[in-house]
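Chain and residue survey
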Amino acid sequence: MITAKLLLVYLLQTANLVGLNVDTSRIDIDEAFCLAENIYYESASEDIQGQYAVASVTLNRANDPRFPKTICEVVRQTATSKVGKLVCAFSWYCERDKKGKEIPVRNKDGSINQTEVDRFQVASIVAITVLGGNVPDNTNGATHFHNPFTSQPAWRLTLKKTMRVGNHDFYKWPKVK
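A brief structural summary.

Rules of the game
- Residues numbered from 1 in each chain as written.
- Predicted model: local features only at pLDDT ≥ 70, side-chain atom pairs only at ≥ 80, totals over all residues.
- Heavy atoms only, no water.
- Buried < 20%, exposed > 50% of the residue type's maximum accessible area, 1.4 Å probe, protein only.
- Helix = DSSP H or I, 4+ residues; strand = E, 2+ residues; numbered from the N terminus.
- Pairing = 2+ DSSP bridges.
- Core = buried A, V, L, I, M, F, W, Y, C linked by side-chain atoms within 4.5 Å.
- Contact = heavy atoms within 4.5 Å.

Points about the pairing of strand β5 (residues 168–172)
Counting buried positions along β5 yields 5 of 5 residues, so the element is predominantly enclosed. Of the two faces of β5, both are covered, the one formed by His-168, Phe-170 and Lys-172 as well as the one formed by Asp-169 and Tyr-171. Looking at chain direction, strand β4 (residues 160–165) and β5 are connected through 5 bridges and run antiparallel. Bridge pairing in β5 links Lys-161 to Tyr-171. Where β4 folds back on β5, the antiparallel hairpin that results is connected by 2 residues, among which Gly-166 adopts a positive phi of roughly 55 degrees.

Take a look at the structure:
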């Protein structure tokens, strides 16, 4: 039975056959899945540049000492707010209908949900190409992003906006003088 993770593993195994031209031998399956899942939930409705931008932010965080060290830890990072509310680094991870559940690549009757398979396949290809080192950071070092039409986080006032892609604004820490 097909699952999103099985689809990702298949893409990793056949990357060169499908024209990705990526050395997948050093790509960790679990880290690739966490990245693909984050891309899928945060930006599957965005164009390819938006998906690469979400991937870049995720990797920029994993490479920044202020954040957890692995992609999966970055994606699953949570904190408790001053009022006791659970806050997630990536909003989808706090949503009960997504956290810990399979990406819906199958319909309730067991048939293939081709729309979601296609969306996750694109997210997986983005994850694989980024992890393979074939795509440079397209966010100018951003470690944060948000959709200004749906949220106005306080941190946006202290960070430097680097760009907008689709429905997301991207930010990085200002340089210390």
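The structure having been displayed, the exposition proceeds.
A look at the nonpolar core
Counting residues in hydrophobic clusters, the biggest one holds 47 residues, and the most contacted among them are Leu-8, Ile-39, Phe-120, Ile-128 and Phe-170. Where this core is concerned, the elements lending two or more residues are α1 (4–13), α2 (29–43), α3 (48–62), α4 (71–75), α5 (114–131) and β4. Apart from residues no more than four positions distant in its own chain, Phe-170 is found in contact with Ala-53, Val-54, Val-57, Thr-139, Ala-142, His-144, Phe-145, Lys-160, Lys-161, Thr-162, Met-163 and Val-165.

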